[in-house]
Amino acid sequence: MDYKNAGVDIEAGYKSVELMKEHVKKTMRPEVLGGLGGFSGAFSLSKIKEMEEPVLLSGTDGCGTKVKLSMILDKHDTVGIDCVAMCVNDIACAGGEPLFFLDYIACGKNYPEKIAELVKGVAEGCLQSEAALIGGETAEHPGLMAEDEYDLAGFAVGVCDKKDMITGQEIKAGDVLVGIASSGIHSNGYSLVRKVFPMEKEALNEYREELGMTLGEALLTPTKIYVKALKAVKQAGITIKGCSHITGGGFYENIPRMLPDGVRAVVDKNSYEVPAIFRLLAKEGDIAEEMMYNTYNMGIGMMLALDASDADAAVEALRKAGETAWIVGRVEAGEKGVTIC
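Keep in mind that this is a model prediction, so the values were computed, not measured.

J.: Now, about the overall build of the protein chain: what can you tell me, with residues and values included?
T.: Within the protein chain one finds twelve helices and 14 strands. Its C-alpha radius of gyration of 21 Å places the protein chain within 12% of the 20 Å reference for a compact globule of 341 residues. Principal-axis analysis of the C-alpha atoms places the extent of the protein chain at approximately 70 × 55 × 35 Å. Taken over 341 residues, the protein chain has a buried fraction of 52%. Across the protein chain, every contact between residues at least 6 apart in sequence was considered, and the portion connecting residues at least 24 apart equals 85%. Carbon and sulfur atoms make up 50% of the accessible area of the protein chain, which totals about 15600 Å². Distance from the positive charge centre (35 side chains) to the negative charge centre (51 side chains) of the protein chain: 3 Å.

Shown next, in the form of structure tokens:
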């Protein structure tokens, strides 16, 4: 009896590391010390010496049950982007710059090529957010997970000068809400998605006219990473008073998280067009509108609160950065919460 017969293939682990190195290498920043394969990832803090009062920001998350679609469709190179996005978007939302990222892959059996594809996606997410992928772990769990199953999670660290943090404390009545377009469902609410749509390869590969692509392509579209978008607004000289990453819990849970007491967000649902994937999901699942806004991003992945005089300039800065954004609402005096009208 040996470890391989018990279900853990150490040699496959070595091969996975070799296959993923080319992807990891692309994410390196000057602050990274050492290479892949050490017991810890090392990152120089020389950058923060430039700041008056540096604050470290961190985020950890996974892709939820979206990974199930990757398994069904045997497409594993995009959920890594989702994993990075869920972490770095939270850091950017607080005004921070992501510095580095680590991933954790749990699998029933280590198939090196599949693991390398997962890490390829993680590396792409790191490139989009300018974070270095400085380490990770792949753990085989025979007997705990089926051989073809896996889960993916990650952890990111960023930095921000305390004076530049986005806290929401200065939001006041009269401020304007600017929404930045999402790329689709992102990485939340997939337990409900999987109840509505048939989770079979044939059905997922069916072309849907209203989507302009197959259902599977729409559902696997990676989460948009907003790090560069928010940086573009800042570089335009605009102060972001509040920022909300619209994840699980949709508008109703996430928008109030940026609001101080005594003000309320009012969102005009007709100020932009809700993407087709959400309309299809609501129709085929017979999901009430309130539940949709309480579960999904509904086409807005990041919501900003700005001084009214900055709103148009922010939309233009985002457009120049390649994003689609709209003025979607306002802030009013009242009990903290959200009104969608």
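J.: Kindly report on the UniProt feature "domain: PurM-like N-terminal" (unreviewed entry) in the protein chain, identifying the contributing residues and their values.
T.: UniProt's entry tags residues 55-159 with the feature "domain: PurM-like N-terminal" (unreviewed entry), counted in the numbering of this structure. Each end of residues 55-159 is marked by a C-alpha atom, and these two atoms are 6 Å apart; helix forms 38% of the span and strand 36%.

J.: Account for the pattern of salt bridges, with residues named and values stated.
T.: Two side chains bearing opposite charge may form a pair once their charged atoms approach each other closely. Enumeration according to the criterion identifies 21 salt bridges in this entry. Salt-bridge contacts for Glu332 lead to Arg330; the nearest nitrogen and oxygen are separated by 2.8 Å. Here Arg330 falls in the partly exposed class, since its relative accessible area comes to 38%. Several salt bridges share partner residues, and in doing so they unite Asp161, Lys163, Asp164 and Lys234 into one network.

J.: Which residues make up the sheet that holds strand 13 (residues 325-333), and what values do they have?
T.: Here six strands make up an open sheet; going across it, the order is 10-12-7-13-11-14 and the pairing mixed. Both edges of this open sheet fall to strand 10 (242-245) and strand 14 (338-340), since each of them pairs with a single strand only. Along the sheet, successive strands turn relative to each other by an average axial angle of 25°, direction set aside. With five bridges connecting them, strand 11 (residues 263-267) and strand 13 associate as antiparallel partners. Each bridged residue has a counterpart across the sheet, and for Val266 the counterpart in strand 13 is Arg330. Sitting on the sheet, helix 3 (residues 79-93) is in contact with strand 10 and strand 12 (300-306), with an inclination near 170° to strand 10.

J.: Tell me about the sheet that holds strand 6 (residues 150-161), and name the residues and values.
T.: Pairing is mixed in the open sheet, where four strands are placed in the order 3-6-4-5. Of all the strands in the sheet, the pair left with one neighbour each is strand 3 (54-62) and strand 5 (132-140). The average angle at which neighbouring strand axes cross in this sheet is 15°, direction not considered. Looking at chain direction, strand 4 (residues 97-107) and strand 6 are connected through ten bridges and run antiparallel. In the sheet register, Phe101 faces strand 6, and the bridge partner there is Ala156. Packing of helix 3 onto the sheet brings it into contact with strand 3, strand 4 and strand 6, and relative to strand 6 it is tilted by some 30°.

What counts, and where the lines are drawn
Residues numbered from 1 in each chain as written. Predicted model: local features only at pLDDT ≥ 70, side-chain atom pairs only at ≥ 80, totals over all residues. Heavy atoms only, no water. Helix = DSSP H or I, 4+ residues; strand = E, 2+ residues; numbered from the N terminus. Rg over C-alpha atoms; globule rule 2.2 N^0.38 Å. Buried < 20%, exposed > 50% of the residue type's maximum accessible area, 1.4 Å probe, protein only. Contact = heavy atoms within 4.5 Å. Areas by Shrake-Rupley, 256 points an atom, 1.4 Å probe, with all protein chains shown as cover. Lys, Arg positive; Asp, Glu negative; His and termini not counted. Charge placed at Lys NZ, Arg CZ, Asp CG, Glu CD. UniProt positions renumbered as here; feature names shortened; annotations may be inferred. Salt bridge = Lys/Arg side-chain N within 4 Å of Asp/Glu carboxyl O. Pairing = 2+ DSSP bridges. Axes fitted to C-alpha atoms, helices over the stretch in contact; angles between N-to-C directions.

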